[in-house]
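# Results of the structural survey
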Amino acid sequence: MTLAPIPPAGHPRAHPGRLRTGPSPILALARALDAEGHRVVHLEIGEPDFPTPGHVVDAGIRALRDGVTRYVAPEGLRPLREAIAARSCERGVPATPEQVVVTSGAKPMLLYALLALATEGDEVLVPDPGYPGYASSAALAGSRAVRYPIVRDGAGDFRVDLGALEASVTPATRVLVLNAPHNPTGMVLDEDTLAGIAAVALRHDLWVVSDEVYAALSYDEAPPRSIASLPGMAGRTIVVDSFSKTYAMTGWRLGYGVMPASITGAVRALVAESTTCAAPFVQHAGIAALQGPQDAVALMRAEYRARRDEIVQALAAIPGIRAATPPGAFYAFANVTGLAGGTSTSAELAERLLREYGVASMPGSAYGRRGEGHLRFSFASPIIELREATRRVAAFAAAVGSGCT
Ligand code: PLP
C-alpha cells in the first residue's frame, strides 16, 4: 500500500473548506450559557464522567517520574503493541505486535486509515446517521463520503440496511467504514448482519475500517464480535480502537489500529509526519489499562446500563418522544418528531431545549440527514443529572407540544 502522491502547493486538499463538518453550534452555545452562570445540564458530549482507574493514573505518573519523556518509535512501544495484539486475539482477531500502530486517540487513526486507503476520486461508505469524523476524514483524504443508511426496524431497533448498503457501492468505492456499537444510535450488529456486511466487502473487494471504540460498552451477555474475526476479513480490515471510552481516558489521547502488516508502513509514516508518536508515558498508562484489573471497566458498564434503563424509560414516557433501549454505547437517540407538531428541525429543538430549559443535547442532523428528527442524549453523566435533564425535557415537551410558548 503506497500513500497518495503529495499534492502540489495550492491544491484544494490543503484548504480548510475540505473539512465539511465542524463543531456543532450547540457546544459553543452550551459553553456560553455556562459562562453566563446558567445551570446547564450537559448531555451533549460523549465523554465518560468517571475518573481514569487509579492504577492506570499511577502507571502514567510512574513513567513520568522514571523519565519516560522522550520521542519513541512512531508505531508505539513494543510492550503496548504486545498488549494490544493480545487483546485483539482475545476478541477473536489474531494479530502480532507488527500489525499494531499506536496513535493519539482513535480519531487520528481514523484519519490515517482513510489517508492510507483512499485517494482522489475514491468513494468511502460511511453510516448515516454516523460519527461526523468519518466524512471529514474522507474529505481530507480527497475522497468522497457516500452515506449508507442505518434504519429502524419494526421493533424500533437500529440496524444496517444491507440492500441499501450494497446499492451504495460503485466502481469508485474503496473503503467501507463500520461502527458498532454505534454512535449515535447505540446499535450493535447481530451475526447475520455482520456476515452480510463482510459478504458485501468481499464481493466488491473493499477495505473495511471498523471503529470499535465502544466495543467494551455492549450491554448484552456476549461482547460484540469484530468484523475482522470473520473469514477473509482480517486481511482487508483496519480495526480502530481507543482507551477513551473503555477506560475513561479521553484526555490522555491514546488509541490504535490493528491492521494487515502491509498497511502499517503507510500508517507509521503518517504518525511520524504528524505527531511523531503518542506520548510515551501515556503509552505506559495504556499498558497498565490493558494488563491490569478490569473491574473498573465492568463497574462503569454496569453503571451506564442502569443509567440507560432510567433515561430511556423517562424519555419514552414523555408524550411526543419515542426512545428505544440502545444495546451498546452510551447514547439515547430519541425520536422527537412528535414534538412541536413535527414542524421544528432537530437543530431548532436542540437550541430551544438548551436556551429555554438548559439541557444540552445533540441534534440528530449533526450525524447526517437520517439523524434528522432525533436528539442524542449522552448518558455518560451522573444519574442525578439525567433525572434533572429528563424532568426539564418533559417540561419542554409539555410546552412545545401544547403550543404554550
Ligand atoms: N469514534 C467514535 C464513534 C466516537 O464516538 C469517538 C468519540 O466520540 C471517537 C471515535 C474518537 O475517540 P478518541 O477519543 O479515541 O479519539
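Just so it is clear, the structure is predicted and the values come from calculations on it, not from any experiment.

### Remarks on the site of the ligand
The full set close to the ligand counts 14 residues, and Asp211, Tyr214, Ser242, Ser244 and Lys245 are the nearest of them. Tyr214 is positioned with one of its side-chain polar atoms (N or O) 2.7 Å from an oxygen atom of the ligand. The contact in question runs from an oxygen atom of the ligand to an N or O atom on the side chain of Ser244, over 2.7 Å. When the free accessible area of the ligand is taken as 390 Å², the share hidden by the protein chains comes to 91%. In terms of residue class, the shell around the ligand is built from 5 nonpolar, 5 polar and 4 charged.

### Considerations on the confidence of the model for the chain
Per-residue confidence for the chain gives a mean pLDDT of 93; residues scoring 70 or more make up 93%. Note that residues 1-16 has pLDDT below 50 and, in this model, 23 contacts with residues that lie over four places away or in other chains.

### Concerning the packing of helix α2 (residues 54-65) against helix α9 (residues 280-291)
Interhelical geometry of α2 versus α9 gives an angle of 145° and a closest axis separation of 8 Å. The handedness of the crossing between α2 and α9 comes out as right-handed. Residues His55, Val56, Ala59, Gly60, Ala63 and Leu64 of α2 form the contact with α9, whose participating residues are Phe281, His284, Ala285, Ala288 and Ala289. Across the contact of α2 with α9, the residue classes break down as 8 nonpolar, 3 polar and no charged.

### Overview of the pairing of strand β13 (residues 374-378)
The element β13 is largely enclosed, with a buried count of 5 among its 5 residues. Taking every second residue as pointing to the same face, both faces of β13 are buried, with His374, Arg376 and Ser378 on one and Leu375 and Phe377 on the other. Judged from the 5 bridges that link them, strand β10 (residues 331-335) and β13 form a sheet pairing that is antiparallel. Across the sheet, residue Phe333 finds its bridge partner in β13, namely Arg376. With 2 bridges joining them, strand β12 (residues 362-363) and β13 adopt antiparallel strand pairing. Each bridged residue has a counterpart across the sheet, and for Pro363 the counterpart in β13 is Leu375.

### Considerations on the pattern of salt bridges
For the coordinates displayed, the defined rule picks out 19 salt bridges. If you follow the salt bridges from partner to partner, you end up with Asp49, Glu303 and Arg307 in one network.

### Quick look at the packing of aromatic side chains
Applying the stated criterion across every chain yields a total of 11 aromatic pairs. Between Phe50 and Tyr304, the ring centres sit 5.4 Å apart and the planes meet at 75°, which makes this aromatic pair edge-to-face. Highlighted residues: Phe50 in the loop between β1 (41-42) and α2 and Tyr304 in helix α10 (residues 295-316), separated in sequence by 254 residues. Residue Phe50 is classed as partly exposed on the basis of its relative accessible area of 23%. On the numbers, 5.2 Å between centres and 55° between planes, the contact of Tyr304 with Phe330 is tilted. Here the residue Tyr304 occupies a position in helix α10, and Phe330 occupies one in the loop between α10 and β10, the gap between them amounting to 26 residues. According to the relative accessible area criterion, Tyr304 is buried, its value standing at 0%. Residue Phe330 is classed as buried on the basis of its relative accessible area of 0%. Feature note: the residues Phe50, Tyr214, Tyr304, Phe330 and Tyr331 constitute an aromatic cluster, connected by ring pairs.

Conventions and cut-offs
Residues numbered from 1 in each chain as written. Predicted model: local features only at pLDDT ≥ 70, side-chain atom pairs only at ≥ 80, totals over all residues. Heavy atoms only, no water. Near = heavy atom within 4 Å. Polar contact = N/O pair within 3.5 Å; in protein donor to acceptor, adjacent residues only side chain to side chain. Areas by Shrake-Rupley, 256 points an atom, 1.4 Å probe, with all protein chains shown as cover. Nonpolar A, V, L, I, M, F, W, Y, C, P; charged D, E, K, R; others polar. pLDDT = per-residue confidence, 0-100. Contact = heavy atoms within 4.5 Å. Axes fitted to C-alpha atoms, helices over the stretch in contact; angles between N-to-C directions. Helix = DSSP H or I, 4+ residues; strand = E, 2+ residues; numbered from the N terminus. Left-handed = near helix turned anticlockwise from the far one by under 90°. Buried < 20%, exposed > 50% of the residue type's maximum accessible area, 1.4 Å probe, protein only. Pairing = 2+ DSSP bridges. Salt bridge = Lys/Arg side-chain N within 4 Å of Asp/Glu carboxyl O. Phe/Tyr/Trp six-rings, centres within 6.5 Å; stacked < 30°, edge-to-face > 60°.

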